[in-house]
Amino acid sequence: MSVFEMFGAVVALAGALICTAGLARLILAAQRTPFRTDIAPARGSAARGVLYAFTLGMAPWVKESARIHWVAYIRGILFHLTIFLGLALLVASPWLAQILTQVRLSVAVILEVGAVTGLAGFWIRLREPALRQLSTPDDYASLGLTTLFLALGGLTAAVAELLPVFWIISGITMTYVPFSKLRHFVYFFYARIYFGLVFGHRGLLE
Amino acid sequence: MNTTVELKENKTAVSKETLGKLIDRRVLGALEVCVRCGICTESCHFYRSDPKVEYTPFYRAEQVRQLYRYLNDPLGRLAPRWVNAKAPTDESLSKLAETAFATCTLCHRCTLECPFGVETAEIMRVARSLATAAGQAPEMLVELANAAIAKGENPDFFRDFYLEQVKGLEEEVQDKLGSSKAHIPVGKEGADILYVPLSGAHTIVPQAILFNVVGESWTLSMFETANYAVFLGDIPKAKRIAERIIKEAELLKVKEIVITECGHGYPAMRWEAPKWLGHPLPFRVRSILEVLDEYVQKGRLHFNRGRNGEPITYHDSCNLGRKGGLYEEPRRVIRAVASDFREMTPNRIHSFCCGAGSGLVAVPEWTDIRLQAGKLKADQIRRTGAKIVITSCDNCRYQIGELNEHYGLNIEVSSISELVVKALS
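Keep in mind the model is a prediction, meaning the values are calculated, not measured.

### Description of the nonpolar core
One finds I184(B), I257(B), M269(B), I334(B) and I416(B) to be the most contacted residues of the largest nonpolar core, which totals 90 residues. Per-element accounting of this core gives the leading share, seven residues, to helix α14 (residues 235-252) of chain B. One finds A12(A), L23(A), L145(A) and A157(A) within the second-largest nonpolar core, a separate group that totals 78 residues.

Now the structure itself:
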């Protein structure tokens, strides 16, 4: 392992540690906040509500907003799916050379598509007056780092020599996660669970 | 200089303490999960009627998030501009109050349209609580809440006057039924139902007629179901207002509380009161809509649908629907008593607010805003071709009545109970 590769690996591992510790702290803090949900006798089923929240409740065809903003909606879905693939590549990256070339090239293409959806995110954010007005520097930094992570992940899947660069970007991005809006994925589960609990318990999703 | 600093520190302390009490996991999730993607924009009736950035759900929630980040986010304190964090000031709290009270009816429609399910209405409820704690809430709402509490503290002061009014209404019921045996009982111990009306006769007379027709065991509450403290986000006061009715129900040993056709009154007593008290209520809570639906299903009432032959549409109150879960009960009753029922589009869980919910209708300064916000509802009503609009919320009823005049809809606004009485054979 070269010095550069060693450096990249250290940055990635440090980023992963900071990210894990930061997210653990956020989850513990969230768990310490009061859990207030309906205690009156149910009209429906909270459990069915939670199931709905993570399945049909996210389906674009039940949302008027998804029909209006179908480009942004599809972009968002692709972007997030490719991030999961990028993370899988990061985990598998120490064994990159052992992965079949065809698989690596497929991953490369998908991740580059993801990077394009990241760039499209900038375009949407800058084009819409309301979004432009309300976007913070953190929004752009978070989007930029994630887009870079996807772009370099794609390039690395095709050209293994770029692995240390991918590790460095991954480390920086992971370090930024607990301090930025990138942490929203943790709260996604809270938001969907509460949506399901409340709306399900009250019999709204029957 | 010191005074300014002290005031700023005081505002920060009050905001931090209030936020600290209000942020539970549900609100925390709503505050943190939004990525400002803007997909929710058109879900809001305010925005649809007047497309301004200030009327987008994410703009509104952002007013609270700026404060939340300043008080709770390490990056918000270290680099406030980076994450758009802002300290509480008189100006920001005043703006927050206007945003929360005048430009959001807490209808929850945007939650369903958001890919993450961000509960902006819950964030706005927190904003209302913050504004109330900072003394920035609309005076009218504060006075109405205080008046309800005063009535609960001195019920004897109002009793004779109230009983006299009820006597007059009882005569009206007897006239309509042609029977001197018809009664409006008040304070009847051991009755099955404690019926809680609003202050208007239209929430007592039709229901009294129906209870008398089916021979129900019931008694009329001394109090009205309206709980304006809910609109203020003032939980201690909301609890005190609800406790008046709960204590009355316990004293009279009734089996259930039945709430009149009131949007916020039903979810406040059915869903929120147990949370405020920290335990489930010792009796059942139902809406009059559920009771009427039961009468219809069991054939306890007989109708001549021809008496309601004009085209009728139903407006879903956000509080009864999206917060209460009552969608099918009113529709089953309307179909049983009317021959030409037409749905608005969209309806039920996707229904648009009338534009005046959550106390907007009570504040005269906001008349223009709510009439503008109601344009979407007016257009929906017009498209149905209905001549009668039924709604089970007094706020909605008042607003749709005003929309009728403002937009020239040429409709009549009524309630389910009145519609049912009209169809009695």
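### Focus on the packing of aromatic side chains
The full count for this structure, using the stated rule, is 15 aromatic pairs over all chains. Where F122(A) meets Y140(A), the ring centres are 6.2 Å apart and the plane angle is 15°; that geometry is what we call stacked. With a gap of 18 residues between them, F122(A) in helix α5 (residues 101-127) and Y140(A) in helix α7 (residues 137-158) connect regions that are remote in the sequence. Assessed through its relative accessible area of 23%, Y140(A) is described here as partly exposed. Ring centres of Y228(B) and F231(B) lie 5.7 Å apart, and the angle between their planes is 75°; on these two criteria the pair is classed as edge-to-face. Pair noted here: Y228(B) and F231(B) are both in helix α13 (residues 228-232), with a separation of three residues, about one helical turn. With relative accessibility at 2%, the residue F231(B) sits in the buried group.

### So, the side chain of E113(B)
Relative to the assigned elements, E113(B) resides in helix α8 (residues 109-113). For the buried E113(B), no salt bridge exists, and the shortest N-O distance to an oppositely charged side chain is 4.4 Å, to R109(B). One polar contact links the side chain of E113(B) to the main-chain amide nitrogen of E64(A), over a distance of 2.8 Å. Setting aside anything within four residues of it in sequence, one finds E113(B) in contact with K63(A), E64(A), S65(A), I39(B), S43(B) and H350(B).

### Focus on the environment of F352(B)
One can find F352(B) in the loop between β6 (341-342) and α18 (367-373). Linking F352(B) and C107(B), residues 245 residues apart in sequence, is a C-alpha distance of 8.2 Å. In this structure, F352(B) is in contact with E64(A), S43(B), H45(B), R48(B), R109(B), H315(B), P346(B), L376(B), K377(B) and Q380(B), ignoring residues within four places of it in sequence.

### Considering the pairing of strand β1 (residues 193-196) of chain B
Consecutive side chains along a regular strand alternate between the two faces of the sheet. Residues and elements named next belong to chain B. Neither face of β1 is open: one carries I193 and Y195, the other L194 and V196, and all of them are buried. Judged from the three bridges that link them, β1 and strand β2 (residues 218-220) form a sheet pairing that is parallel. Residue pairing across strands places Y195 opposite L220, the latter belonging to β2. Taken together, β1, helix α12 (residues 205-214) and β2 constitute a β-α-β crossover, and its handedness is right-handed. Two strands pair when backbone bridges link them, and β1 and strand β3 (residues 256-259) are joined in this way by four bridges, in the parallel orientation. Of the residues in β3, the one forming a bridge with V196 is I259.

### Comments concerning the interface of chain B and chain A
Opposite the 59 residues of chain B that make contact, chain A presents 51 residues. Summed over both partners, the interface of chain B with chain A buries about 5000 Å², with 59% contributed by carbon and sulfur atoms. Across the chain B-chain A interface, the total number found is 10 salt bridges. Between E32(B) and R183(A) there is a salt bridge; the shortest N-O distance is 2.9 Å. Where chain B packs against chain A, one counts 29 residue pairs in polar contact (both at pLDDT 80 or more). Within the residue set of the side of chain B that touches chain A, elements represented by two or more residues are α1 (2-22), α2 (25-33), α4 (57-72), α6 (80-83), α8 and α15 (265-277) of chain B. Taken together, the residues that form the side of chain B that touches chain A break down as 25 nonpolar, 13 polar and 21 charged.

### Quick notes on empty space enclosed by the protein
Rolling a probe over the atoms, with the probe sized like a water molecule, indicates the empty space that remains. The full count for this structure, using the stated rule, is six cavities of 30 Å³ or more. In this model, the largest cavity occupies a volume close to 160 Å³. If you go around the largest cavity, you meet 15 residues; those closest to its centre are K181(A), R183(A), E32(B), R69(B) and D73(B). Of all the elements in the fold, those that place two or more residues in the lining of the largest cavity are α2 and α4 of chain B. Considering each element in turn, the lining of the largest cavity owes the most residues, three residues, to α4(B). Residues that form the lining of the largest cavity fall into these classes: five nonpolar, two polar and eight charged. Roughly 120 Å³ of volume is contained in the second largest cavity. The wall of the second largest cavity is formed by 17 residues, among which C318(B), N319(B), G357(B), S358(B) and C396(B) lie closest to the centre.

The rules we used
Residues numbered from 1 in each chain as written. Chains lettered and ligands numbered in written order. Predicted model: local features only at pLDDT ≥ 70, side-chain atom pairs only at ≥ 80, totals over all residues. Heavy atoms only, no water. Core = buried A, V, L, I, M, F, W, Y, C linked by side-chain atoms within 4.5 Å. Buried < 20%, exposed > 50% of the residue type's maximum accessible area, 1.4 Å probe, protein only. Helix = DSSP H or I, 4+ residues; strand = E, 2+ residues; numbered from the N terminus. Phe/Tyr/Trp six-rings, centres within 6.5 Å; stacked < 30°, edge-to-face > 60°. Lys, Arg positive; Asp, Glu negative; His and termini not counted. Salt bridge = Lys/Arg side-chain N within 4 Å of Asp/Glu carboxyl O. Polar contact = N/O pair within 3.5 Å; in protein donor to acceptor, adjacent residues only side chain to side chain. Contact = heavy atoms within 4.5 Å. Pairing = 2+ DSSP bridges. Right-handed = clockwise from strand over helix to strand, strands pointing away. Buried area = accessible area lost by both parts, 1.4 Å probe. Nonpolar A, V, L, I, M, F, W, Y, C, P; charged D, E, K, R; others polar. 1 Å grid on protein atoms, 1.4 Å probe; cavity = no way out; pocket = protein on both sides within 12 Å on 5 of 7 lines; lining within 4 Å. Points joined across faces, edges and corners; volume = space filled by probe spheres on them.

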